[in-house]
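Below, each chain spelled out in residue letters.
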Amino acid sequence: MNRKLILIPLILLFAVATVRAQKAPDLKVWNNKQCAVVLTYDDAIDVDLDNVIPALDSLNLKGTFYIIGSSPVVYKRLDEWRLAAKHGHELGNHALFHPCDGSLPGRSFVTPDNDRSKYSVSRAVSEIRVNNTLLKAIDGKDKRTFAYPCGDLKIGDVYFYDQLKKDFAGARGVWAGKQTADQVKLDNIECYGINGQSADYMIDLVKKAQQTHTLLVFLFHGVGGGHSINEPLDAHSKLLHYLKDHENDIWIAPMVDVAENISAYQAAK
Ligand SMILES: [Zn+2]
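Anyway, here's the lowdown on the structure attached to this text.

What counts as what
- Residues numbered from 1 in each chain as written.
- Predicted model: local features only at pLDDT ≥ 70, side-chain atom pairs only at ≥ 80, totals over all residues.
- Heavy atoms only, no water.
- Helix = DSSP H or I, 4+ residues; strand = E, 2+ residues; numbered from the N terminus.
- Buried < 20%, exposed > 50% of the residue type's maximum accessible area, 1.4 Å probe, protein only.
- Contact = heavy atoms within 4.5 Å.
- 1 Å grid on protein atoms, 1.4 Å probe; cavity = no way out; pocket = protein on both sides within 12 Å on 5 of 7 lines; lining within 4 Å.
- Points joined across faces, edges and corners; volume = space filled by probe spheres on them.
- Nonpolar A, V, L, I, M, F, W, Y, C, P; charged D, E, K, R; others polar.
- Phe/Tyr/Trp six-rings, centres within 6.5 Å; stacked < 30°, edge-to-face > 60°.
- Expected span 1.5 Å × (residues − 1).
- Bend = angle between axes of the 7 residues up to and from the residue.
- Salt bridge = Lys/Arg side-chain N within 4 Å of Asp/Glu carboxyl O.
- Donors = N, O, S within 2.8 Å, 3.2 Å for Na, K, Ca; no water.
- Core = buried A, V, L, I, M, F, W, Y, C linked by side-chain atoms within 4.5 Å.

### Quick look at the environment of L56
Logical step 1: Its location among the elements puts L56 in helix α2 (residues 46–58).
Logical step 2: Judged by its relative accessible area of 0%, L56 is buried.
Logical step 3: Setting aside residues up to four positions removed in sequence, L56 forms contacts with L39, Y41, L61, G63, F65, H89 and L240.

This is how it looks when you write it as structure tokens:
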């Protein structure tokens, strides 16, 4: 037989096998589900305890709450935060005073005391570590994640989180995007900020994450009020119910658990 005729099917077989090998996603990183979804809530506000945690607990879903240590809501409702952590929610670190870079455009809300552009790097790092001490006193945990206040990554030319990498499992930024486990940068995890979008918009993001086997992180502030950035209760509730209805296919977990899985996955590569 002509050698070419034998070789062609072999080459085709090899090509198909290669494409299949490339396409098969390693879903162990997502707890053997199609994708991971992380629900994050910033700034330690009353509605976290009044609206969000009861909604999550009613469906046995776990979220991550990025806590500003100096928030009066932490001081006033310490036992409720402790109980939330006991129920499996992550108390993440959102810095002690939530300093933001006041030198950037549109930052008229930044007060001189909380202007990160006036901070030294060591002060920023120390305050974030003090917030970890405070959070450990509340939840007893050594592992958690960080979220950049205002999404600011740098002080001057310095990426201050570089000095905090060993203190955290990962850090959530504010850039929009879904990422595969290979693409995730644990020092600036991407997310979708939610401010009044419809339930359909959010559920569509989840469906796309299921199809693309990616990490999808939601960033909420107010839910049913409590913040100028806000999501209505009913849309938030519809998202939670979609997640609950599909929890066999979607890994819904606090950021710390997902970040640790990604870290182990990337280290094994
Ligand atoms: Zn914030």
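### Concerning the layout of surface pockets
Logical step 1: Of the volumes computed, that of the largest pocket is approximately 320 Å³.
Logical step 2: Considering the residues around the largest pocket, the lining is formed by 20 residues, among which D43, H98, C100, F109 and C150 are closest to the centre.
Logical step 3: When grouped by side-chain class, the residues that make up the lining of the largest pocket number 10 nonpolar, seven polar and three charged.

### Quick look at the packing of aromatic side chains
Logical step 1: Enumeration over the complete set of coordinates arrives at 11 aromatic pairs.
Logical step 2: Ring centres of Y41 and F65 lie 5.0 Å apart, and the angle between their planes is 15 degrees; this geometry places the pair in the stacked category. In this pair, Y41 is assigned in strand β1 (residues 35–42) and F65 in strand β2 (residues 64–67), connecting sequence segments 24 residues apart.
Logical step 3: Overall, F65 belongs to the buried group, its relative accessible area being 0%.
Logical step 4: Each ring, one from F146 and one from Y161, has its centre 6.0 Å from the other, and the planes form 20 degrees; the classification is stacked.

### Here's the deal with α2
Quick reminder: α-helices carry 3.6 residues per turn. Residues three or four places apart thus point the same way.
Logical step 1: The end-to-end C-alpha separation of α2 is 18 Å, in line with the 18 Å expected for 13 residues at 1.5 Å each.
Logical step 2: By the largest-angle criterion, V52 marks the main kink of α2, which is about 35 degrees, and a proline, P54, follows within four residues.
Logical step 3: Taken together, the buried positions of α2 are occupied by V47, D48, L49, V52, I53 and L56.
Logical step 4: Its buried side turned inward, α2 meets β1, β2, α3 (72–76), α4 (78–86), β10 (222–223) and α7 (233–245).
Logical step 5: In the stretch just after α2, N60 is the one whose phi turns positive, near 55 degrees.

### Observations regarding the pattern of salt bridges
Logical step 1: Applying the stated criterion across every chain yields a total of 17 salt bridges.
Logical step 2: A salt bridge links D139 to R144; its shortest N-O distance comes to 2.7 Å. In this structure, D139 and R144 share a single accessibility class: buried.
Logical step 3: Connected via shared salt-bridge partners are D46, D50, R77 and E80.

### A look at the coordination of the zinc ion
Logical step 1: Distances from the zinc ion to its protein donors, D43 (OD), H94 (NE2) and H98 (NE2), fall within 2.1 to 2.2 Å.
Logical step 2: Read N to C, the donor residues that coordinate the zinc ion are spaced as D-x50-H-x3-H. Linking D43 in the loop between β1 and α2 with H98 in the loop between β3 (90–93) and α5 (121–139), this pair joins segments that are 55 residues apart in sequence.
Logical step 3: Judged by its relative accessible area of 12%, D43 is buried.
Logical step 4: Taking relative accessible area as the criterion, H98 reaches 18% and is therefore assigned buried.

### Comments concerning the nonpolar core
Soluble globular proteins tend to bury their nonpolar side chains together.
Logical step 1: The biggest cluster of nonpolar side chains holds 40 residues, and the ones touching the most others in it are L39, Y41, W81, V206, F218, F220 and L239.
Logical step 2: In terms of residue count, the dominant contributor to this core is helix α6 (residues 199–212) (six residues).
Logical step 3: Excluding anything up to four places from it in sequence, F220 contacts L39, T40, Y41, D42, I194, M202, E231, H236 and L239.
Logical step 4: Judged by nonpolar contacts, the second largest core, of 23 residues, contains W30, L186, C191 and V258.

### A look at unusual backbone geometry
Logical step 1: Notably, N31 is not glycine yet its phi reads approximately 60 degrees, a positive angle.
Logical step 2: With respect to the helices and strands, the residue N31 is situated in the loop between α1 (3–23) and β1.
Logical step 3: For N31, a relative accessible area of 40% corresponds to the partly exposed category.
Logical step 4: Positive phi outside glycine occurs at A95, with the angle close to 75 degrees.

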